[in-house]
Amino acid sequence: MKIHEYQAKRILKKYGAPVPNGEVATTPEAAEKIARELDMPVVVKAQVHVGGRGKAGGVKLAHNFSEVTEHASAILGMDIKGITVRKVLVESGVNIDRELYCGLIVDRASKRIVLMVSAEGGVEIEEVAAKTPEKILKVQIKRHLGLCDYIVREAGFFLDLPKQALRPFGAILKGLYAAFCDNDCSLAEINPLVVTGDGDVIACDAKMNFDDNALDRHPEVAEMRDEGEEEPLEIEARKADVNYVKLDGKIGCIVNGAGLAMATMDVVKHYGGAPANFLDIGGGAKAEQVAQALRIVTSDENVNTILFNIFGGIVRCDRVAEGILMAQKQLKLDLPIVIRLVGTNEDKARDMLKDAGLITMPTMSEAAQKAVEMSQQ
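Summarised in this report is the structure supplied together with it.

As a further point, take the overall build of the protein. In terms of helices and strands, the protein carries 13 helices and 18 strands. Seen through its principal axes, the protein has C-alpha atoms that stretch 75 × 50 × 40 Å. In the protein, which comprises 377 residues, the proportion classed as buried is 49%. Excluding contacts between residues fewer than 6 apart, the proportion of contacts in the protein whose partners are at least 24 apart in sequence is 68%. Accessible surface for the protein amounts to roughly 18200 Å². Of this, 49% is attributable to carbon and sulfur atoms. For the protein, the distance from the average site of its 46 positive side-chain charges to the average site of its 55 negative ones is 3 Å.

Put into structure tokens, the structure is as follows:
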């Protein structure tokens, strides 16, 4: 789950990180009212769950109240990478001397949290990693030791920070690490982390993503979810307890198990097709969930073929077949549906489907090939 910059800054502030004063507005008038409580200049920033806001014109400096209103009017309603801006953050400007990057991620290969810092702040870290990877320091953190002082010093020296900035820099890093661990984050970053002309260190931007599986432990974080920023079909899938991610292809994939779902998408790509989604109905899916998954996938107007790839272990093949037939009847589907069912009660499932006008294939490869063929007709 993602949250907005202003929400991430509120969390960081609780952990002692200095952030610029500011509030969120949804109208130009509200933006101006906030600005009147701050010292000029102020920054008006679009609040959306994507990067590249500055390049898109979603971050503007205002030197007077009329500019605040003008910038807020231009930014609210703006489209940034397919997302409409509905909120702006109005906050005090900062006397920037240097812009740095610091962030924490979960590295699944090492099974550790990794600290990353770079002197190339204000730039998307992916761009820095692609063009100048030597400008990024990565340090693995042992969970039982935490963010030790020697790691903070190593990061500060790598960034060539002045002596007076090392202590506040360390306090911010430790606050970021505590926020990351306490809230089950999958990513937390400050970009840019600014060193001011006076030697202060301030978090001028912040981003946090959270482990969806841990949200039950953090209801206060779950309340920050902004469904207006999310894909509507993904919201519907989450409510149906189905794991779904929308993609750009034409073959709707319905699979049980995340690993098999990834393999299915790979095989579809291998045979020249493009998956329209990742969808895992889970190991114990009932017929109703299968039917709901089919409704979600077919709600994507780009989908022209459905591919079922089911390995029946905990989930029985006949339950999947029941769900397919239920959805076919309710939705009056006219899309080609290719099905591979293997495992528990597969013979019973095939008997249930044999008169339904569906295409059944014995192997995953053959099913993927057939789905690609049907999608290209």
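Moving on, we come to helix α5 (residues 149-158). The periodicity of an α-helix, 3.6 residues per turn, causes residues three or four positions apart to be oriented the same way. Every buried residue of α5 is listed here: I151, V152, A155 and G156. Along the axis of α5, the buried residues cluster in a sector spanning 135 degrees; they form a single face. At its buried positions, α5 is contacted by β8 (112-118), β9 (136-141) and α6 (163-182). With its phi angle positive at about 55 degrees, D160 sits one or two positions after the end of α5.

Let us look at the nonpolar core. Membership of the largest hydrophobic core comes to 44 residues, with the highest contact counts inside it found for L115, M208 and F210. Top contributing element to this core by residue count: α6, with 9 residues. If sequence neighbours within four positions are ignored, L115 has contacts with G103, L104, L137, K138, V139, I141, L147, I151, A155 and L173. Of all hydrophobic cores here, the second largest spans 33 residues; its members include L279, I306, I310 and I324.

Per the counting criterion, the structure on display carries 20 salt bridges. Across the pair R225 and D212 runs a salt bridge, and its minimum N-O distance is 3.9 Å. Here R225 is found in the loop between α7 (219-222) and α8 (232-239), whereas its partner D212 is found in the loop between β12 (207-210) and α7, with 13 residues between them in sequence. Exposure remark for D212: the relative accessible area of 46% places this residue in the partly exposed category. Measuring nitrogen to oxygen at the nearest pair gives 3.5 Å for the salt bridge that ties K370 to E373.

M40 connects to P41 through a cis peptide bond whose omega is 0 degrees. Among the structural elements, P41 can be located in the loop between α2 (28-35) and β2 (42-46). Here the bond from N191 into P192 is cis, since omega is 10 degrees, no more than 30 degrees from zero. Looking at the secondary structure, you find P192 in strand β10 (residues 185-196). The backbone of K111 shows a phi angle near 60 degrees, a positive value even though the residue is not glycine. Inspection of the secondary structure puts K111 in the loop between β7 (96-107) and β8. K111 sits in the exposed class, given a relative accessible area of 75%. Positive phi, normally seen in glycine, also occurs at N345, with a value near 60 degrees.

Attention now goes to the packing of α5 against α6. Two numbers describe how α5 lies on α6: the axes approach to 10 Å, and their chain directions differ by 120 degrees. Relative to α6, the element α5 lies oblique. For α5 against α6, the interelement crossing comes out right-handed. Across the interface between the two elements, D149, V152, A155, G156 and F157 from α5 touch L166, F169, G170, L173 and K174 from α6.

Sheet architecture is open: 4 strands sit in the order β1-β6-β2-β3, paired in antiparallel fashion. With one partner strand each, in any of the chains shown, β1 (22-25) and β3 (59-62) form the two edges of the open sheet. Shown here is a sheet whose adjacent strand axes are inclined to one another by a mean of 20 degrees, direction ignored. The sheet contacts of α2 involve β1, β2 and β6 (88-92), and relative to β1 the element is tilted by about 170 degrees.

Listed as buried for helix α3 (residues 65-75) are V68, H71, A72 and I75. Projected down its long axis, α3 carries its buried residues within an arc of 100 degrees, all on one side. Exposed residues lying more than 90 degrees from the buried face of α3 are S66, E70 and A74. Those residues of α3 that are buried lie in contact with α2, β2, β3 and β6. Count one or two residues on from α3 and you reach G77, which has phi positive near 90 degrees.

Another point: the side chain of N209. Position of N209 among the secondary structure elements: in strand β12. Excluding anything up to four places from it in sequence, N209 contacts M1, K2, C185, S186 and L187.

Geometry of a packed helix pair, given as the angle between the helix axes and the separation of the axes. Running from N to C, helix α9 (residues 258-270) and helix α13 (residues 364-375) point in directions that differ by 55 degrees, and their axes come no closer than 9 Å. The angle between α9 and α13 falls in the class oblique. Between α9 and α13 the crossing geometry is right-handed. Counted together, L260, T264, V267 and V268 of α9 and M364, S365, A368 and V372 of α13 form the full contact between these two elements. Each residue belonging to the contact of α9 with α13 can be placed in one class, and the counts come to 6 nonpolar, 2 polar and no charged.

What counts, and where the lines are drawn
Residues numbered from 1 in each chain as written. Predicted model: local features only at pLDDT ≥ 70, side-chain atom pairs only at ≥ 80, totals over all residues. Heavy atoms only, no water. Helix = DSSP H or I, 4+ residues; strand = E, 2+ residues; numbered from the N terminus. Buried < 20%, exposed > 50% of the residue type's maximum accessible area, 1.4 Å probe, protein only. Contact = heavy atoms within 4.5 Å. Areas by Shrake-Rupley, 256 points an atom, 1.4 Å probe, with all protein chains shown as cover. Lys, Arg positive; Asp, Glu negative; His and termini not counted. Charge placed at Lys NZ, Arg CZ, Asp CG, Glu CD. Arc of directions from axis to C-beta. Core = buried A, V, L, I, M, F, W, Y, C linked by side-chain atoms within 4.5 Å. Salt bridge = Lys/Arg side-chain N within 4 Å of Asp/Glu carboxyl O. Axes fitted to C-alpha atoms, helices over the stretch in contact; angles between N-to-C directions. Parallel < 35°, antiparallel > 145°, perpendicular 65-115°, else oblique. Left-handed = near helix turned anticlockwise from the far one by under 90°. Pairing = 2+ DSSP bridges. Nonpolar A, V, L, I, M, F, W, Y, C, P; charged D, E, K, R; others polar.

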